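Remarks on the overall topology
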Amino acid sequence: MAHGSGGPRVVKYGTIREYVLNFEVVLADGTILWTGANTLKYASGYNLTQLLIGSEGTLGIITKMVLKLIPQPLHNVLMLASFSTNEDACAAVSSIFNVGITPSAVEFMERKGMEWVIENDQIHFNLNPDAAAFLLIEVDGTNMDMLFNDCETINTALEKYKCLEVLFADSATQKDEFWKIRRTMAVSVKSNSIYKEEDTVVPRAELPKLIAGIKEIGLKYGFDSICYGHAGDGNLHVNILKGNMSDHAWQHDLKKGIVELFQLTVKLGGTISGEHGIGLVQKEYMHIKYSEIHLNLMRGIKKVFDPNGILNPDKIF
Ligand code: LAC
Ligand code: ZN
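Residues numbered from 1 in each chain as written. Chains lettered and ligands numbered in written order. Predicted model: local features only at pLDDT ≥ 70, side-chain atom pairs only at ≥ 80, totals over all residues. Heavy atoms only, no water.

Focus: the sheet that holds strand β9 (residues 224-230)
- One open sheet holds the seven strands; their spatial order is β7-β4-β6-β5-β9-β10-β8, and the pairing between them is antiparallel. A single partner strand is all that each edge strand has here, and the edge strands are β7 (163-168) and β8 (195-201). Within this sheet the neighbouring strands show an average axis-to-axis angle of 20 degrees, counted without direction.
- Each of β4 (75-83), β5 (105-110), β6 (133-141), β9 and β10 (235-241) is contacted by helix α4 (residues 111-120), which is oriented at about 85 degrees to β5, the strand it contacts most. (Pairing = 2+ DSSP bridges. Helix = DSSP H or I, 4+ residues; strand = E, 2+ residues; numbered from the N terminus. Axes fitted to C-alpha atoms, helices over the stretch in contact; angles between N-to-C directions. Contact = heavy atoms within 4.5 Å.)

What about the site of ligand 1?
- Every residue close to ligand 1 is listed here: Arg 182, Glu 197, Tyr 228, His 230, His 237, Glu 275 and His 276.
- The side chain of His 230 places a nitrogen or oxygen atom 3.1 Å from an oxygen atom of ligand 1.
- Here ligand 1 has 220 Å² of accessible area as a free molecule, and 74% of this is covered by the chains.
- Each residue belonging to the shell around ligand 1 can be placed in one class, and the counts come to one nonpolar, three polar and three charged. (Near = heavy atom within 4 Å. Polar contact = N/O pair within 3.5 Å; in protein donor to acceptor, adjacent residues only side chain to side chain. Areas by Shrake-Rupley, 256 points an atom, 1.4 Å probe, with all protein chains shown as cover. Nonpolar A, V, L, I, M, F, W, Y, C, P; charged D, E, K, R; others polar.)

Overview of the domain arrangement of the chain
- Under the domain assignment, the chain is made up of domain 1 (10-70), domain 2 (75-186) and domain 3 (193-289).
- Look at where the C-alpha atoms of domain 1 and domain 3 centre, and you get two points 30 Å apart. (Domains from an automatic or database assignment.)

Quick word on the packing of aromatic side chains
- According to the stated counting rule, one finds two aromatic pairs in the structure shown.
- Between Phe 125 and Phe 178, the ring centres sit 6.0 Å apart and the planes meet at 90 degrees, which makes this aromatic pair edge-to-face. Residue Phe 125 is found in the loop between α4 and β6, and its partner Phe 178 is found in helix α6 (residues 172-183); the two are separated by 53 residues along the sequence.
- Seen in terms of ring centroids, Phe 262 and Tyr 285 are 5.1 Å apart; in terms of plane orientation they differ by 65 degrees. Their pairing is edge-to-face. On the criterion of sequence distance, the pair formed by Phe 262 in helix α10 (residues 254-267) and Tyr 285 in the loop between α10 and α11 (286-289) is long-range, its members being 23 residues apart.
- You can call Phe 262 buried: its relative accessible area is 0%.
- Its end group placed over the ring of Tyr 19, Lys 68 keeps NZ or CZ at 5.5 Å from the ring centre.
- The ring of Phe 97 carries Arg 204 above its face, with NZ or CZ at 3.4 Å from the centroid. (Phe/Tyr/Trp six-rings, centres within 6.5 Å; stacked < 30°, edge-to-face > 60°. Buried < 20%, exposed > 50% of the residue type's maximum accessible area, 1.4 Å probe, protein only. Lys NZ or Arg CZ within 6 Å of the ring centre and 35° of its normal.)

Examining unusual backbone geometry
- The phi torsion at Glu 56 lies on the positive side, around 55 degrees, for a residue other than glycine.
- At Gln 122, a residue that is not glycine, the phi angle is positive and equals roughly 45 degrees.
- Within the fold, Gln 122 resides in the loop between α4 and β6.
- By relative accessible area, which is 66% here, Gln 122 ends up exposed.

Here's the deal with the sheet that holds strand β1 (residues 20-26)
- Here three strands make up an open sheet; going across it, the order is β2-β1-β3 and the pairing antiparallel. On the outer flanks of this sheet lie β2 (32-34) and β3 (61-67), each paired with one strand and no other. Taking the axes of each pair of neighbouring strands and ignoring which way they run, one obtains an average angle of 15 degrees across the sheet.
- Strand direction decides the pairing type here: β1 and β3, joined by six bridges, are antiparallel. Residue pairing in the sheet places Asn 22 in a bridge with Val 66 of β3.

Observations regarding α6
- Here α6 is twelve residues long and its end C-alpha atoms lie 16 Å apart, about the 16 Å a rise of 1.5 Å per residue gives.
- Where α6 is concerned, the buried positions are Phe 178, Trp 179, Ile 181 and Arg 182. Projected onto a plane normal to the axis of α6, the buried residues spread over an arc of 150 degrees and lie on a single side. Seen from the buried face of α6, the exposed residues on the opposite side, beyond 90 degrees, are Ala 172, Thr 173 and Asp 176. (Expected span 1.5 Å × (residues − 1). Arc of directions from axis to C-beta.)

Considerations on the coordination of the zinc ion (ligand 2)
- In this structure, His 230 (NE2), His 237 (NE2) and Glu 275 (OE) serve as the protein donors to the zinc ion (ligand 2), at separations of 1.9 to 2.1 Å.
- Within one chain, the residues serving as donors to the zinc ion (ligand 2) are arranged as H-x6-H-x37-E. Of this pair, His 237 sits in strand β10 while Glu 275 is found in the loop between α10 and α11, placing the two residues 38 residues apart along the sequence.
- Residue class for His 237 comes out buried when judged on its relative accessible area of 3%. (Donors = N, O, S within 2.8 Å, 3.2 Å for Na, K, Ca; no water.)

Some remarks on the state of the cysteines
- Within this structure, the stated rule accounts for zero disulfides.
- Cys 163 provides the cysteine sulfur closest to Cys 151, a residue in no disulfide bond, and the two sulfurs are 13 Å apart.
- Just so you know, Cys 227 is unpaired, no disulfide at all, and the nearest cysteine sulfur is the one on Cys 90, 8.2 Å from it.
- Under the relative-accessibility criterion, Cys 227 is labelled buried at 0%. (Disulfide = S-S within 2.5 Å.)

Here's what the structure looks like:
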């Protein structure tokens with residue numbers, strides 16, 4: 001909760017932020033209080049519940065919560081679409097929303113990531129030889145006929161982006177397999193290479209510029225990368241691979257590349273982390289997104305909640 005996490009279904013259902021109504025929190029001086037009300041509406045002063053989400057344990061310790069629940073969708077259809085370039089796959093993402101459909105997931109995967117998963121997990125899946133990138137697209141709802149209509153509309157939208165083919169998962173087992181490819185990608189990257197992961201996020205219409213920029217910056221600094229992530233949210237996980245980079249370059253030059261990467265995300269209207277948070281590792285990059293005035297507002301909030309700096313010290317700032 002204090003992390004504000006997301007996942008593949010955020011694109012339709014939002015992050016955990018959308019479901020939290022009220023927290024019981026222990027403050028730095030030991031006071032226990034409820035931050036809001038158990039209601040869908042809240043217009044009664046500053047919303048401390050929302051402030052605590054994403055605070056990474058730096059403002060208080062959450063001990064209880066009241067959540068909003070929604071009905072589980074009855075049906076879903078899952079498709080795997082392949083494209084001959086990263087940019088086409090990324091540009092196709094917005095086109096789905098532009099035809100009036102909000103899928104329950106739109107996940108992007110680069111070919112190399114798919115290859116590593118297939119190899120590591122011994123999954124039987126033949127990759128289209130011309131495919132450079134893939135979109136895993138899920139629609140969900142209560143009426144199967146409507147979902148199939150949505151899929152047809154999506155297919156027509158994807159054709160404009162030179163979609164090579166669309167595979168439908170025709171059984172629960174195949175759905176699990178498609179999802180397994182996506183879900184185990186982080187583990188596969190870890191077991192194949194020394195890497196550093198960044199969690200870039202931009203407005204989804206800017207994804208083609210983000211992916212092109214990532215590759216350009218990689219060429220400039222000599223790193224390769226595998227990108228995958230929640231494309232429907234404009235959220236790409238950039239796995240920077242050490243590959244042939246020298247130890248010296250990895251330790252000294254890479255940071256300049258990461259700074260450029262974050263400068264690009266901010267220029268495109270995004271930010272430096274979509275769902276993984278700041279913690280210790282990303283705090284040195286906060287100034288790329290935030291001005292001193294902005295950071296001081298945040299530091300001031302921290303001081304009010306935690307004057308002695310005892311709550312998850314040294315994180316975020
Ligand atoms: C994922 C994690 C890395 O999307 O956020 O797989
Ligand atoms: Zn993720």
